Amino acid sequence: MTHGRVLHAGQVIVDMVLDVPAVPEVGGDMYARSFELVAGGGFNVMAAAARDGAEVLYLGGHGAGPFGNIARDALRREAINALAPVDARQDTGFCVALIDDDAERTFVSTKGAEFTSSPDVFAAADPQGGDVIYVSGYSLLPSEHRDVLLAWLRGIPAEGVVVFDPGPLLAEFEEEALDAVSARIDVWSLNEREARILATRLRFNDNTRGTPPEREQTARDLAGWTGRAVVLRCGAEGAVVADGSRTVAVRAPAVDAVDTNGAGDAHCGVMCAQLASGTSLIEAAERATYAAAIAVTRRGPATSPTAEEINEAMEESRIVAHH
């Protein structure tokens, strides 16, 4: 079987992660106990897809400078092909993440070369039937990248699958931009908070708080209102998939979570990889749920497992179920 590719139309940035006792008071100062500089943002989704066997192309920008070097090195290690040339005008953007003793995360981000774009780069991706195009909500923030992306999406062949992960800024999207991307979405992938925001924007009742049956109803409602398949990510409870004709709850395996950062990225990346291989949406979501469960047992954002690790976890789960 010929596999499609995963085309990532989002942004890779660099995460500057600082471990602190608490966020400093206004005007204050403190020393971090530790820090690390790692590729983040869209890199986490692409790494998950690549580790599950997909050919992955990055369509976003990357700059000249130390942060751009970190981003490119990380992409090379995962065998991800960056189509855009180095932007000599600026560096890649970065995010300062303060992680305190209460496990709360406080972020301050910058914009850099990842928000610039060229129609030629997107055209070079040449999407084909079977390709999966991942679109991040961050790409709907006003920028040159957004304008190029929305124009490009209109020409994606019908056989290509567009997966949209709106992310935490869903409430801030301009109506025109959200309408434009919604017209070409095939699959919404969103968590319960984002589902509540989308429900509000679509003006139907919020049923996302509560029992699993209510989650299933929410997924059905969102699929009905948008006319697109919906994958509702529910953390330790797994996921709900609604594609208009049926709604299926996908259970997550029980694990001891140590860091939930990046679970959604692992889920999206593996799901995209599986869709590109021709797997059904429900089967792709099931495998993605196992990948996310493994990811939360590891510290760090880009902790998605390899294909072999996912296979092993799924096989162990089947053996237990049969006993």
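Keep in mind that what you see is a predicted model, and the values were worked out from it rather than measured. Per-chain numbering applies: the sequence of each chain, read as written, is numbered from 1 onward. Given that the model is predicted, a residue must reach a pLDDT of at least 70 before its local features are reported, and side-chain atom pairs must reach 80 or more before they are shown or counted; all residues, however, enter totals for whole chains, interfaces and linings. Note: side-chain values were computed over all heavy atoms of the structure, leaving out hydrogens and water.

**Side note on the overall build of the protein chain**
And then number 1: For helices the rule is a DSSP run of H or I covering at least 4 residues; for strands it is a run of E covering at least 2, with both sets numbered from the N terminus onward. From N to C terminus, the protein chain includes ten helices and 13 strands.
And then number 2: This radius of gyration counts C-alpha atoms alone. The globule rule is 2.2 Å times how many residues there are, raised to the power 0.38. Its C-alpha atoms give the protein chain a radius of gyration of 19 Å, within 12% of the compact-globule value 20 Å for 323 residues.
And then number 3: When each of the 323 residues of the protein chain is scored for burial, the buried share is 52%.
And then number 4: It only takes one pair of heavy atoms within 4.5 Å for two residues to be counted as in contact. Restricting the contact set of the protein chain to residue pairs at least 6 apart, pairs at least 24 apart contribute 68%.
And then number 5: Only carbon and sulfur atoms are counted for the fraction: they give 51% of the accessible area of the protein chain, which is about 15,000 Å².
And then number 6: When charges are counted, Lys and Arg are positive and Asp and Glu negative, with His and the chain ends excluded. By convention, charge coordinates are those of NZ in Lys, CZ in Arg, CG in Asp, or CD in Glu. Of the charged side chains in the protein chain, 27 are positive and 47 negative; the average position of the first set lies 3 Å away from that of the second. Residue exposure (1.4 Å probe, protein chains only): buried if accessible area is under 20% of the type maximum, exposed if over 50%, otherwise partly exposed. Here the Shrake-Rupley method, with its probe set to 1.4 Å, supplies the accessible areas, and only the displayed protein chains count as covering residues.

**Quick notes on the nonpolar core**
Across soluble globular proteins, you tend to see nonpolar side chains buried next to one another.
And then number 1: Nine residue types can take part in a nonpolar core, namely buried Ala, Val, Leu, Ile, Met, Phe, Trp, Tyr and Cys, and a core is a set of them joined through side-chain atoms within 4.5 Å. In this structure, Phe43, Val56, Ile80, Val163, Val231, Met271 and Leu281 are the most contacted members of the largest nonpolar core, which totals 42 residues.
And then number 2: Leaving out residues up to four positions away in the same chain, methionine 271 has contacts with Val163, Val187, Ser189, Val231, Leu281, Ala284, Ala285 and Ala288.
And then number 3: Counting residues in each nonpolar core, the second largest holds 39 residues, with Trp152, Leu153, Val162 and Phe173 among its members.

**Comments concerning the state of the cysteines**
Linking two cysteines covalently via their sulfur atoms produces the bond known as a disulfide.
And then number 1: Here, the term disulfide refers to a pair of cysteine sulfur atoms separated by no more than 2.5 Å. Per the counting criterion, the structure on display carries zero disulfides.
And then number 2: Distance from the sulfur of cysteine 234, which forms no disulfide, to the nearest cysteine sulfur (cysteine 268) is 13 Å.
And then number 3: Judged by its relative accessible area of 7%, cysteine 234 is buried.
And then number 4: You can see cysteine 268 has no disulfide; the closest cysteine sulfur is in cysteine 272, sitting 6.3 Å from it.

**Some points on the sheet that holds strand 10 (residues 187-191)**
And then number 1: The mixed open sheet is built from nine strands, whose spatial order is 5-4-1-8-9-10-11-12-13. At either margin of the open sheet sits one strand with a lone partner, and together these are strand 5 (81-82) and strand 13 (247-250).
And then number 2: At least two bridges found by DSSP between two strands are what make those strands a pair. Where strand 11 (residues 229-233) and strand 12 (residues 239-242) come together, four bridges link them in antiparallel fashion. Within strand 12, the residue paired with valine 230 across the bridge is alanine 242.

**Here's the deal with helix 2 (residues 66-77)**
And then number 1: Expected helix span is computed as 1.5 Å times (number of residues minus one). Given a rise of 1.5 Å per residue, twelve residues ought to cover 16 Å, and the 17 Å separating the end C-alpha atoms of helix 2 matches this to within 8%.
And then number 2: Among the residues of helix 2, those classed as buried are Phe67, Gly68, Ala71, Arg72, Ala74 and Leu75. Down the axis, helix 2 shows its buried residues gathered within 160° of arc, on one side only. In helix 2, the exposed residues that point more than 90 degrees away from the buried face are Pro66, Arg76 and Arg77.
And then number 3: Lining the buried residues of helix 2 we find strand 2 (12-19), strand 3 (34-41), helix 1 (42-51), strand 4 (56-58), strand 5 and strand 6 (94-99). Each C-beta atom gives one direction from the helix axis, and the arc is the one those directions make.

**Structural notes on the packing of helix 1 against helix 8 (residues 263-276)**
And then number 1: Between N-to-C directions, angles span 0 to 180 degrees; the directions come from axes that are lines fitted to C-alpha atoms, helices contributing only their stretch in contact. Helix 8 packs onto helix 1 with a crossing angle of 45° between their chain directions and a minimal axis gap of 7 Å. By the angle between their directions, the pair helix 1 and helix 8 is classed as oblique. You can see that helix 1 and helix 8 cross each other, and the crossing is right-handed. Taking contact as the criterion, the partners of Asn44, Val45, Ala48 and Ala49 in helix 1 are, on helix 8, Asp265, Ala266, Cys268, Gly269, Val270 and Ala273.
And then number 2: Tallied by class, the residues present in the contact of helix 1 with helix 8 amount to seven nonpolar, two polar and one charged. Here the word oblique covers every angle except those under 35 degrees (roughly parallel), over 145 (roughly antiparallel) and from 65 to 115 (roughly perpendicular). Should the near helix be turned counterclockwise from the far one by less than a right angle, the crossing is left-handed, whereas a clockwise turn marks it as right-handed. We call Asp, Glu, Lys and Arg charged. Ala, Val, Leu, Ile, Met, Phe, Trp, Tyr, Cys and Pro are nonpolar, and the rest, Gly among them, are polar.

**Concerning the side chain of aspartate 131**
And then number 1: Topologically, aspartate 131 is positioned in the loop between helix 3 (119-125) and strand 8 (132-136).
And then number 2: From its side chain, aspartate 131 meets the backbone nitrogen of glutamine 128 in a polar contact 2.8 Å long.
And then number 3: What aspartate 131 contacts, discounting residues up to four positions off in sequence, is Gly4, Arg5, Leu7, Asp126, Gly160 and Val161. Any pair of nitrogen or oxygen atoms within 3.5 Å is treated as a polar contact; in protein, a donor-acceptor pairing is required on top of that, and neighbouring residues in sequence qualify only through side-chain atoms on both sides.

**Thoughts on the environment of phenylalanine 43**
And then number 1: Along the chain, the position of phenylalanine 43 falls in helix 1.
And then number 2: Overall, the relative accessible area of 6% leaves phenylalanine 43 in the buried class.
And then number 3: Separated by 122 residues in sequence, phenylalanine 43 and aspartate 165 place their C-alpha atoms 14 Å apart.
And then number 4: Apart from the residues within four sequence positions on either side, phenylalanine 43 is in contact with Gln11, Val12, Ala74, Leu75, Glu78, Ile80 and Ala302.

**With respect to the packing of aromatic side chains**
And then number 1: A pair of aromatic rings is counted whenever rings of Phe, Tyr or Trp (Trp by its six-membered ring) have centres within 6.5 Å, and the orientation is called stacked for planes under 30 degrees apart, edge-to-face for over 60 and tilted otherwise. Taken as a whole and judged by the stated rule, the model has four aromatic pairs.
And then number 2: Between phenylalanine 67 and phenylalanine 94 the ring centres are 4.9 Å apart and the planes differ by 35°, which places this aromatic pair in the tilted class. Within this pair, whereas phenylalanine 67 is found in helix 2, its partner phenylalanine 94 is found in strand 6, the two being separated by 27 residues in sequence.
And then number 3: Taking the relative accessible area as the measure of exposure, phenylalanine 67 reaches 15% and is therefore buried.
And then number 4: A connected cluster of aromatic rings, assembled from ring pairs, spans Phe164, Phe173 and Trp188.
And then number 5: Distance and angle both matter: a charge sits over a ring if NZ of Lys or CZ of Arg is within 6 Å of the ring centre and within 35 degrees of the ring normal. Across from the ring centre of phenylalanine 115, 5.1 Å away, lies the NZ or CZ of lysine 111, which sits over that ring.

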